[in-house]
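# Per-entry structural report
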Amino acid sequence: MVNSTGSTLSHLECTACRRTFDADVLHRLCEECGKVLYPRYDLANVRLRPSDLLTREPSMWRYREVLPIRDAEHIVSLGEGFTPLLAAPRLSERLGIADVRIKDEGQNPTGSFKARGMSAAVSRARELGAKSVAAPSAGNAGGALAAYAARAGLAAGVVMPEDCPRINQVEAVVSGADTWLVEGLIDDAGRLVRTTSEARGWFDVSTLKEPYRVEGKKTLGYELAEQLGWELPDVVIYPTGGGTGLVGMWKAFAEMTELGWIGEQRPRMVVVQAEGCAPIVRAHDQGERHAPRWEDATTDASGLRVPVAVGDYLILDAVRDSGGTAVSVSEDEMREATRELAASEGVYPAPEGVATFAALRRLRDTGAVTDTDRVVLFNTGAGQKYPDFVPATPEVVPADSPAWKTGL
């Protein structure tokens, strides 16, 4: 296979039983134990150095030596990645914290961090010969899959809960994906994708049920280190449904240490979930390594309405190994935090993203975050995709209002 990217991809490894697999064959979960597969790289032969990045394109593909695509012709990109890491001085001052920053993933193509994972997954699926891809989605992943499949010239199937945001439904349909809505949650949508995939010839790219979405998400970790001068913050607060972004960053930190780009220091990784769907928080608090399904999941933050995660053990391991924690927040806290973040810093966050700010306020009150900490909040999507999350009704000025003469 042509290797014009310099990718050092060597094999796939099961994150549970450690069995290895050929990376140049389409795989999903481990054939031995059914757990998550990770791509592994020959990091000793990576020739890329941090200084080389100064002349590279401002996208996640700047790290192509540690990404899984061998032939550059198969990279499917819309310019995803290298999103801004914004200082939040008013929030820092208000909370009495040394340094609060926001990694604004809403500035990605398709308006969320899902663009990263789908760029990697669709690129690798196409490189390995897939003709059609599919996934269940709580919203943003479906729109991203549809867009990247269209860019790649692949057919796509998307199955979403019927109450996922309307804008995500429109994204998927307009981008040409066969799209269905189901009565139920994302795991119900996932069951329908599984039972349909063979008949329709779909390669299923469900969260962490194939090896490559996590590779797109891990670039969050590489970018974070690069944007902070190859140092990591003290605390990373991440909204967690399926958890691919959090475990992807944890993977990136380990790779960068082996590469010699960063040291051994790690941020405290904080999971944030909604009170109405918090399986990881519950498992963390109970000392469990796996998180049973959360029954009757409910939250208007659709990306957090994930009642069970295949990578639960990876999420919980990262939190515990880092000395982090897991927090759930209410719908009211998220709505209040949306208004405060947008009005204070000009960042209009997705409900999932603003959950991190709501969690930070609580962590500061309890002392889990101190005044000297450097904190990064991940806003995983654009608030504009959720126009009904926070009520906003501007006053109407009638045509016969006295204001036209006297002013407002």
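Since the model is a prediction, treat every value here as computed from it, not as a measurement. (Residues numbered from 1 in each chain as written. Predicted model: local features only at pLDDT ≥ 70, side-chain atom pairs only at ≥ 80, totals over all residues. Heavy atoms only, no water.)

It is worth spelling out the overall build of the protein at this point. In terms of helices and strands, the protein carries twelve helices and 13 strands. The C-alpha atoms of the protein give 21 Å as radius of gyration, which agrees with the globular expectation for 408 residues (22 Å, within 12%). For the protein, the C-alpha atoms occupy an extent of roughly 75 × 50 × 45 Å along the three principal directions. Relative to its 408 residues, the protein shows a buried fraction of 59%. Across the protein, the fraction of contacts at a sequence separation of at least 24, relative to all contacts at a separation of at least 6, is 70%. (Helix = DSSP H or I, 4+ residues; strand = E, 2+ residues; numbered from the N terminus. Rg over C-alpha atoms; globule rule 2.2 N^0.38 Å. Buried < 20%, exposed > 50% of the residue type's maximum accessible area, 1.4 Å probe, protein only. Contact = heavy atoms within 4.5 Å.)

Another aspect to go through is the UniProt feature "modified residue: N6-(pyridoxal phosphate)lysine" (unreviewed entry) in the protein. Sequence positions flagged by UniProt for "modified residue: N6-(pyridoxal phosphate)lysine" (unreviewed entry) are, in local numbering, Lys114. Assignment of secondary structure puts lysine 114 in helix α2 (residues 114-127). With near-sequence residues (within four places) excluded, lysine 114 lies in contact with Asn140, Ala141, Ala144, Arg213 and Lys217. (UniProt positions renumbered as here; feature names shortened; annotations may be inferred.)

The next subject is the UniProt feature "domain: Tryptophan synthase beta chain-like PALP" (unreviewed entry) in the protein. Per the UniProt record, "domain: Tryptophan synthase beta chain-like PALP" (unreviewed entry) is annotated on residues 76-381. Taken as a whole, residues 76-381 contains 45% helix and 17% strand, while its terminal C-alpha atoms sit 21 Å from one another.

Take the pairing of strand β13 (residues 374-379) next. For β13, the buried fraction is high: five of the six residues fall into the buried class. Pairing between strand β5 (residues 99-104) and β13: six bridges, direction parallel. For valine 100, the partnering residue across the bridge sits in β13 and is valine 375. As paired strands, strand β10 (residues 235-239) and β13 are joined by three bridges and run parallel to one another. For isoleucine 237, the partnering residue across the bridge sits in β13 and is leucine 377. (Pairing = 2+ DSSP bridges.)

Put simply, α2 and helix α6 (residues 213-227) touch, their axes get as near as 6 Å, and they point 130 degrees apart. As summarised for this structure, α2 and α6 are arranged oblique, according to the angle between their axes. For α2 against α6, the interelement crossing comes out right-handed. Where α2 approaches α6, its residues Lys114, Arg116, Gly117, Met118, Ala120 and Ala121 are matched on the opposing element by Arg213, Glu215, Gly216, Lys217, Thr219, Leu220 and Glu223. Here the residues of the contact of α2 with α6 sort into four nonpolar, three polar and six charged. (Axes fitted to C-alpha atoms, helices over the stretch in contact; angles between N-to-C directions. Parallel < 35°, antiparallel > 145°, perpendicular 65-115°, else oblique. Left-handed = near helix turned anticlockwise from the far one by under 90°. Nonpolar A, V, L, I, M, F, W, Y, C, P; charged D, E, K, R; others polar.)

This brings us to the environment of alanine 403. Take alanine 403: it is sitting in helix α12 (residues 403-406). The exposure class of alanine 403 is buried, given its relative accessible area of 18%. Taking the C-alpha atoms as reference, alanine 403 lies 46 Å from alanine 141; in sequence the two are 262 residues apart.

Among the nonpolar cores identified, the biggest contains 58 residues, and Tyr222, Leu246, Val247, Met249, Met256 and Phe378 are the most heavily contacted of them. Per element, the largest residue contribution to this core is seven residues, and it comes from helix α7 (residues 244-259). When near neighbours in sequence (up to four residues on either side) are disregarded, phenylalanine 378 contacts Lys103, Leu220, Leu224, Val236, Ile237, Tyr238, Pro239, Met249, Gly353 and Thr356. (Core = buried A, V, L, I, M, F, W, Y, C linked by side-chain atoms within 4.5 Å.)

The next subject is the sheet that holds β13. Strand order across the open sheet formed by six strands is β4-β5-β13-β10-β11-β12, with mixed pairing between neighbours. Across the chains shown, the open sheet's two edge strands, defined by having one partner strand only, are β4 (85-87) and β12 (325-329). This sheet shows a mean twist of 25 degrees between the axes of neighbouring strands, independent of strand direction. Sheet contacts for helix α10 (residues 331-345): β4, β5, β11 (268-274) and β12; angle to β12, the most-contacted strand, approximately 95 degrees.

Ordered by their spatial adjacency, four strands build an open sheet running β8-β7-β6-β9, and the pairing between neighbours is parallel. Sheet topology places β8 (178-182) and β9 (203-204) at the edges, where each strand pairs with a single neighbour. Pairing analysis gives two bridges linking strand β6 (residues 132-136) to β9, with the strands arranged parallel. Directly across from valine 133, in β9, lies its bridge partner phenylalanine 203.

Relative to the 18 Å expected for 13 residues at 1.5 Å per residue, helix α3 (residues 140-152) spans 18 Å between its end C-alpha atoms, a close match to the ideal helical length. Of all 13 residues making up α3, eleven are buried, and the element is well covered by its neighbours. Within α3, burial applies to Asn140, Ala141, Gly142, Gly143, Ala144, Leu145, Ala146, Ala147, Tyr148, Ala149 and Ala152. Buried-residue contacts for α3 involve α2, β6, β7 (155-161), α4 (166-174) and α6. Once α3 finishes, glycine 153 follows within two positions and takes phi at roughly 80 degrees, a positive value. (Expected span 1.5 Å × (residues − 1).)

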